[in-house]
Amino acid sequence: MIYLTTPIYYPNDRPHLGTAYTTVVADAVARYWRLKGEEVFFLTGTDEHGLKIARAAEENGMTPQEWVDRIVHRFYEAWELLDIANDDFIRTTEERHRASVQRLLQAIRDAGDVYESRYEGPYCVGCEAYYTEDELIDGRCPIHERPAEIHSEDNYFFRLSAYGDRLLQHIEANPHFVTPETRRNEVVSFIRQGLDDISISRAQLTWGVPIPWDPSHVTYVWVDALINYISAAGYAEETSERFDNQWPVWAHLVGKDIIRFHAIIWPAMLMSAGIPLPRQIASHGFLLVGGEKMSKSRANQILPEELIETFGSDGYRYHFLRDVSFGPDGNFSWEGMVARYNADLANDLGNLANRVLNLAERFRGGTVPAVSDPDAPEEAALREAAAGALADLAGFEEFRTKQALDGVWRLFGAANAFVEATEPWHLAKDPEAAGRLDAVLNALLEALRVGAVLISPVMPKAAAELWRRLGLPGDPGDGPLDETGRFGTFPATTVEKGEPLFPRIEA
């Protein structure tokens, strides 16, 4: 099974471009694996405990549960707008999660890795995390740039310090456990400096999952949040059949700012509890606007719906999967998004589809006869481009979304060149060239058919509409990819033209 997760998000903030980026990548990769014929479980959700939520609820005159119930719909709505096809949406206020948290904490305690002590130090409410004085910048959180608060209380601690060597051994034995390499090096360097034990409870907070052996404490929100991945896999269920089938996770997708939680604390907790580790923690950079990280304080947060109004969900998804590489920081600009949309979607794909379907309707009344020779030498360039595009789609397996799309666009480029080289409008004037015209139209429609299959993980709506216009049954995402993604002969069918798939946008 391909079990794929995003981080769970704080519902306090509306989903912005950075939040949506992780989720869109995860969705495209999940759709790719489904297209391959794999069983997929794609999880996202919301992180609803902690001090930040409790304070926001109080400020709005509500209980924390009332507050999160009211605002969680922001994520349902945003993911629906972006055509996110997740299999599950977990909320940390659900009973299945509460039961999993308490079971895992008890297992860690039973392993001898929990003790009680006092903690005092700087705390960022935005991160819900403690920092050392050295990690702060002029007393401010390095992520949120807000002054840290000094917290002091008796807590239960997890012996993270006991797991440094085991973590290093695992990372060395599994080079792809943390990706990309820059993040892996960062994690290794941090572990080698020596790990401190971490607080796993809060005594001055009531909003959270109670510690099973001491209900006067609630679970530290980051420990609580990390456990969501096994909660959704059925960790707390009486029988382990589903959990054994689903776990370990194929990949956790996370931003670089939370890599230490996922690549150090989380695997150490799993080691303590005797649970297999994730196959991979895949980390990406920040999505920058004007060279700066998005934040409310800079007033540069952009919401997905603000772009979907202009570009549609397909145009949105395509831009961020084609122009933002998974790993390093990426930069967003409106001008760049318009340029990419017009060049690739309106011109390369949209004009190609419009042109080919119009030719089929004009010269064959929309009814395209099948041809007998799928290996005609005249179509060699199209076959080679299609084979290359199919091979490049495997880039999704390593989150190389740009590579996956580069190959598809080489196919569309080859099809556009084929139109110019064969000039079907001239063939139509020669009755003796009727067979050749059939072959040309068939090959072009086949290129569109293969293209619709290959873009379906990225642009599901456009792919489905193109598929419908091609008169094909089912859906381009039905797969299996090894069969539907191969260039052959277009089946005899009736096609129809329509409005432009991607109307050009004036900047």
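Residues numbered from 1 in each chain as written. Predicted model: local features only at pLDDT ≥ 70, side-chain atom pairs only at ≥ 80, totals over all residues. Heavy atoms only, no water.

J.: Outline the sheet that holds strand β8 (residues 198-199), listing residues and values.
T.: One open sheet holds the four strands; their spatial order is β5-β4-β6-β8, and the pairing between them is antiparallel. Where the open sheet ends on each side, the last strands, each with one partner, are β5 (129-130) and β8. By the bridge criterion, 10 bridges tie strand β4 (residues 114-124) to strand β6 (residues 149-158) in an arrangement that is antiparallel. Across the sheet, G121 pairs through a bridge with H151, a residue of β6. (Pairing = 2+ DSSP bridges. Helix = DSSP H or I, 4+ residues; strand = E, 2+ residues; numbered from the N terminus.)

J.: Can you lay out the nonpolar core for me, pointing to particular residues and giving the numbers?
T.: By size, the foremost hydrophobic cluster in this structure holds 103 residues, and its most contacted members are Y316, F320, F399, W409 and M459. The contacts of W409, once residues within four sequence positions are left out, are Y318, R322, D344, L345, D348, L349, I455 and M459. Residues Y163, F177, A232 and L277 belong to the second largest nonpolar core, which totals 80 residues. (Core = buried A, V, L, I, M, F, W, Y, C linked by side-chain atoms within 4.5 Å. Buried < 20%, exposed > 50% of the residue type's maximum accessible area, 1.4 Å probe, protein only. Contact = heavy atoms within 4.5 Å.)

J.: Got a sec to walk through helix α17 (residues 434-455)? Specific residues and values, please.
T.: Taking 1.5 Å of rise per residue, the 22 residues of α17 would be expected to cover 32 Å, and the 32 Å separating its terminal C-alpha atoms lies within 8% of that figure. Across the 22 residues that make up α17, a large majority, 19, are buried. (Expected span 1.5 Å × (residues − 1).)

J.: Which residues make up the sheet that holds strand β13 (residues 281-284), and what are the values?
T.: Taken together, six strands build an open sheet; the order of strands is β3-β2-β1-β12-β13-β7 and the sheet is parallel. Two strands in the sheet have a free side with no partner beyond their single neighbour: β3 (88-91) and β7 (178-179). Bridge count for strand β1 (residues 2-9) against strand β2 (residues 40-46) is six bridges, and the pairing is parallel. Paired with I8 across the bridge in β2 is G45.

J.: Go over the environment of T23 with me, naming the residues and quoting the values.
T.: Relative to the helices and strands, T23 resides in helix α1 (residues 17-35). A relative accessible area of 0% places T23 in the buried class. Residues T23 and T44, 21 residues apart in the sequence, show an inter-C-alpha distance of 7.8 Å. Those residues in contact with T23, other than ones at most four positions away along the chain, are T6, Y9, F42, W79 and I84. A distance of 3.0 Å separates the side chain of T23 from the backbone oxygen of T19, its partner in a polar contact. (Polar contact = N/O pair within 3.5 Å; in protein donor to acceptor, adjacent residues only side chain to side chain.)

J.: So what's going on with the pairing of β4? Residues and values would help.
T.: Sheet topology places β4 next to β5; two bridges connect them, and they run antiparallel. Note that in β5 the partner of Y123 across the bridge is Y130. The hairpin turn running from β4 into β5, its antiparallel successor, is four residues long, and E128 in that turn takes a positive phi close to 55°.

J.: Quick rundown of the pairing of β3? Include the residues and the values.
T.: Neither face of β3 is open: one carries D88 and I90, the other F89 and R91, and all of them are buried. Direction of pairing for β2 relative to β3: parallel, over a ladder of four bridges. If you follow G45 over to β3, its bridge partner there is I90.

J.: Got a sec to walk through unusual backbone geometry? Specific residues and values, please.
T.: With an omega dihedral of 0°, the bond running from T179 to P180 counts as a cis peptide bond. Here W247 and P248 are connected by a cis peptide whose omega angle stands at 10°. Relative to the helices and strands, P248 is located in the loop between α10 (241-246) and β12 (251-255). Within the chain, D83 stands out as a residue other than glycine whose phi angle is a positive 60°. Tracing the sequence through the fold places D83 in the loop between α4 (73-81) and β3.

J.: Report on the environment of G395, specifying residues and quantitative values.
T.: Checked against the element boundaries, G395 lands in the loop between α14 (380-392) and α15 (401-422). Among the residues examined, G395 registers a relative accessible area of 0% and is labelled buried. As for G395 and V29, which are separated by 366 residues in sequence, their C-alpha atoms are 9.4 Å apart. Not counting chain neighbours up to four residues away, the residues in contact with G395 comprise R400 and Q403.

J.: How would you sum up the pattern of salt bridges? Please name residues and give values.
T.: Proximity of charged atoms lets side chains of opposite charge pair with each other. Tallied over the entire structure, the rule returns 30 salt bridges. Residues R14 and E305 are paired through a salt bridge, measuring 3.6 Å at the closest nitrogen-oxygen approach. A residue pair is termed long-range when its members are at least 10 positions apart, and R14 in the loop between β1 and α1 and E305 in helix α12 (residues 304-323) qualify at 291 residues. Relative accessible area serves as the criterion here: at 35%, R14 is assigned to the partly exposed category. R322 is paired through a salt bridge with D406; the nearest N and O atoms lie 2.8 Å apart. Here D406 lies in helix α15 and R322 lies in helix α12, a separation of 84 residues in the sequence. Residues R322 and D406 agree in their burial class; the two are buried. Look at the salt bridges and you will find they share partners, linking R322, D323, R340, D344, K402 and D406 into a network. (Salt bridge = Lys/Arg side-chain N within 4 Å of Asp/Glu carboxyl O.)

J.: Describe the side chain of R322, listing the residues and the values that go with them.
T.: Looking at R322, the relative accessible area reads 10%, which means it is buried. Within the local environment of R322, its side chain forms a polar contact with the side chain of Y318, the two groups lying 2.4 Å apart. Among the polar contacts made by the side chain of R322, one reaches the side chain of D344 at a distance of 2.8 Å. Among residues more than four places away in sequence, those in contact with R322 are R340, D344, K402, L405, D406 and W409.

This is a description of form; function is not addressed.
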